[in-house]
Amino acid sequence: MQCYQWCYSTLQFHSHLVEKAYTCYRKCLLNMCFRAWKKFILEKRSEAVELMMNMDVANTHYSLQRQKVALGQWMEWVQIRKTRQNEAVKKIAQVWTVVYCKIIIDAWKFVVQDAKKTKDYFERLEGVSEVNSQMSEVTMVAGKDSLSLLPCKVSLLIFHYLDVGDLLRCAEVCCTWRTIAQTCSLWSRVCIVHTNTPTHTHILCTRAQIHEITHTNSACSCSGHVSQYLWQINFSVERAWITDCTVGQLLQKHRPFVIHLNMRACNSLQWPSITCISECRNLQELNLSECSNVNDEMVRMIVDSCPSLLYLNLSATLVTNGALRELSRSCVNLQYLSLAGCRTFSDKGLQYLSRGRGCKNLLHLDLSSCTQISVEGFRHIAAGCPSLQELVFNDMPTLTDSCVLALLSKLHSLSAVSLIDTPHLSDSAFKAIAEVANLRTFITEGNPRMTDVSWKALCRSSPGLTSLHAAQCPRMTDVSLKAMGVLRNLLNINISHCCRVTDMGLRYLTESPSASRLLELNLGHCSRISDLSIMRVAQRCSTLKHLSVRYCDNLTDAALEWLSSSSIISLDISGCNVQDQGLTLLGGNCGLKKLVASECVWITDISIEKFCREVPGLEQLDVSHCVSLSDQAIKALAFYCRSLISLNMQGCPKMTDMAVQYLAGTGHFLRELDLSGCMLLTDKTARLLQRGCPQLYSISMNYCTAISKLAAVKLQTRVKLWEHSHDDAPYWFGYNNLDQLLQPIRKPGKVDDTWEEEEQATVLRNTSFHDNKSRNERGVSSTCAANRSNQRMTRMNTGY
């Protein structure tokens, strides 16, 4: 039994070992199989990755090969296209060259023919200047007909009724008839017809036009044609004859269409006209300046009936506090108000503005020459018109720093300020303006107390300044121009009569960011400016259009040589030491439209001829008091500058009737002519101007002692502006009645460096002048203030 038990226990022990052995063997076999399977899987994955990489390499290689083939084909196509394009360009260039040459040749032929005709005309003028004597000497061999034996005036009167074709046929009959047919007066007849079209933006109602409009009975013309253009009426141009009846007929018929109305200086109009104006319900702009008969009741009627009124000009009228009360009560939409030169209102009237509901939207206020306003009045303006953006206080010697401080207490939207002839303002006032305003336009003139401190403050606080007018500020130095050099948007600069400005100051200005944008620059009477500054202006100011260097004594011909390659279209060199060489070099600027060379006594006919030959587009020329010029200069001007509009040859004693004859023959566009002081002109000048120059608008013949009153009056009917006198030329013309110079012309040279003494004398003169002006307030001309107000009105009309 014990043996059986031992065997059984032994067998159990061995079975347990066998089980362990089997389990161990199974685990080892399982591990071996798993490792083999894992190795197989890894190998398969590596093969797949390698295959994928090989495929990517193959695809990349295939793509590169295709791109190379495509690029090669494209390059071949581009080369073929370039070749074809070059051949086409060559063919087009050849065709264009032929066409261009043909155009040039045709134009050259036209210019040559025109020049030849003009040359023949001038030669004929010189050869047959004495037409009457030639015709009186004609023998029966030259013409045996009765017409050839008639007096010259009678023959011309007969030929005057012929048209162009008949004149040409008559010129082929004989020498006598050809001489008569070639007379200038027969070919200078022009019929001027004034027509009103819808494209006109401004109507000057002449007597004939008003008669046509007021007497038309067609209803369709009123509603169809007139309504399209009769929106702006200017009665001021015909104020000498305009009546209440005419105004009433015109306004009553077209009152729904009238928006802008100018009644300036129409002193003959009374209540009926004002009543008609009040019926224009859509009226937005009204100018009653210089109307001495306008009173408070008229203003009340107008402002009560015209709720859309935006612009009102009452300058130089007799309105009182009552008119300001009506404005503060009714003019809710008013944006522009001018009371320049009005002396009959007081601070109480301005107090109404602060209490009423009107004038709260006022943007522009002009109180020029209103010297009766005190500090309290300016406080009322600040309280009643908080939206003011533009202030004009010109010709106010009573304006002080306290007035400006009171005005600026509630005004924080100022963008434009004009302070001309306000000599008592100091740096305190200008610094106060700089603290509250972001100006775009600043104008001051004749202020001897303004220093560089003010200019620094203004330029620092108003980086958006575009227009800067600082004339007659003797304490301005180069430091001020350095401060202006920071401004980036400057377009217009006027620093005339600033005697301390030197070349260094102009260097700051020309090196500023705004130099390339500058359009207008005035350096008149800056005696310290030299040719170096003009060189910098010509090089740096690429967009400059208007330049004034009048009476800059240190400038020479070299300055004009630099300006010959600039973009300037208007140049003023009056009083400069310019000679023939400089004016000839200036002709290199073929784009010049206006030249003012007054008192340039050293220029002669030679330089004028060379200059005009190079600048055929010249439109305005001023050679007044150029005593060396004669008829030959006007001959060259008339020959080369066919588009001349304005000519001033005042104080040129060598001019004769032949010069006017040249202008009468070719001056088809001439509108303004000044012949004052040309003592050799006779009645023939008046006759020539009456026959020629069809567009002549203004003529001045003062101090022309040889022109009779009768001949001058005949010319008056042809022009709008006419002046004539028999008085002797004043002494400052520089010559006497015998055309003899009172003083010899000195050779030009550099001026002495005495600018400090000149500046001190200028300051003393200005101080004395302004002191006298403050003691005599009533001496300030209200009419001048009204004129300035109307000029500002013209510039601002585009804003409405």
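Below or above, wherever it landed, is the structure these notes cover.

Definitions and cut-offs
- Per chain, residue numbering runs from 1 following the sequence as it is written.
- Per-residue local features of the predicted model are confined to residues with pLDDT of at least 70, and side-chain atom pairs are confined, for both listing and counting, to 80 or more; whole-chain, interface and lining totals are unaffected and use all residues.
- The side-chain quantities take in all heavy atoms of the structure and omit both hydrogens and water.
- Note on definitions: angles span 0 to 180 degrees between N-to-C directions of axes, and those axes are lines fitted to C-alpha atoms, for helices only across the stretch in contact.
- The helix count covers DSSP runs of H or I at least four residues long, the strand count covers runs of E at least two residues long, and both are numbered beginning at the N terminus.
- The labels follow the angle: roughly parallel below 35 degrees, roughly antiparallel above 145, roughly perpendicular from 65 to 115, and oblique for the rest.
- For a crossing to be left-handed, the near helix must be turned anticlockwise from the far one by less than a right angle; the clockwise case is right-handed.
- In what follows, residue pairs with any heavy atoms lying within 4.5 Å of each other are defined as contacts.
- Relative accessibility under 20% of the residue-type maximum defines a buried residue, over 50% an exposed one, and the middle range a partly exposed one, all with a 1.4 Å probe and only protein chains included.
- Look down the strands so they point away from you; if the path from the first strand over the helix to the second goes clockwise, the crossover is right-handed.
- The pairing criterion is simple: DSSP has to find at least two bridges between the two strands.
- For salt bridges, the criterion is a side-chain nitrogen of Lys or Arg within 4 Å of an Asp or Glu carboxyl oxygen.

Quick look at the packing of helix 25 (residues 683-691) against helix 26 (residues 709-716)
Point 1. For the pair helix 25 and helix 26, interaxial distance at closest approach is 9 Å and the crossing angle is 15°. On the basis of their axis angle, the class for helix 25 and helix 26 is roughly parallel. Every pair of crossing elements has a handedness; the one defined by helix 25 and helix 26 is left-handed. Along the contact surface, helix 25 presents Asp683, Ala686, Leu689 and Gln690, while helix 26 presents Ala711, Lys714 and Leu715.

A word on the pairing of strand 20 (residues 698-701)
Point 1. Neither face of strand 20 is exposed, since Ser698 and Ser700 on one face and Ile699 and Met701 on the opposite face are all buried.
Point 2. Regarding the hand of the β-α-β motif, the stretch spanning strand 19 (residues 672-674), helix 25 and strand 20 is right-handed.
Point 3. Where strand 20 meets strand 21 (residues 721-724), four bridges bridge the pair, whose relative direction is parallel. Looking at strand 21, one finds that Ser698 is bridged to Leu721.

Here's the deal with the pattern of salt bridges
Point 1. Tallied over the full model, the rule gives nine salt bridges.
Point 2. Notably, a salt bridge pairs Arg264 with Glu290, separated by 2.9 Å at the nearest N-O pair. Separated by 26 residues along the polypeptide, Arg264 in the loop between strand 3 (260-262) and helix 9 (271-278) and Glu290 in the loop between strand 4 (285-287) and helix 10 (296-305) bring together distant segments of the chain.
Point 3. Glu290 sits in the buried class, given a relative accessible area of 18%.
Point 4. Across the salt bridge formed by Glu297 and Arg300, the nearest N and O atoms sit 2.5 Å from each other. Taken as a pair, Glu297 and Arg300 lie in helix 10 at a separation of three residues, close to a single helical turn.
Point 5. Taken together, the shared-partner salt bridges in this structure form one network comprising Glu297, Arg300, Asp304, Glu326 and Arg329.

Side note on unusual backbone geometry
Residues other than glycine predominantly adopt negative phi, and peptide bonds predominantly adopt the trans conformation.
Point 1. Positive phi outside glycine occurs at Ala316, with the angle close to 60°.
Point 2. Inspection of the secondary structure puts Ala316 in the loop between strand 5 (311-313) and helix 11 (321-330).
Point 3. When its relative accessible area of 18% is taken as the criterion, Ala316 is described as buried.

Just geometry here; none of it tells us what the structure is for.
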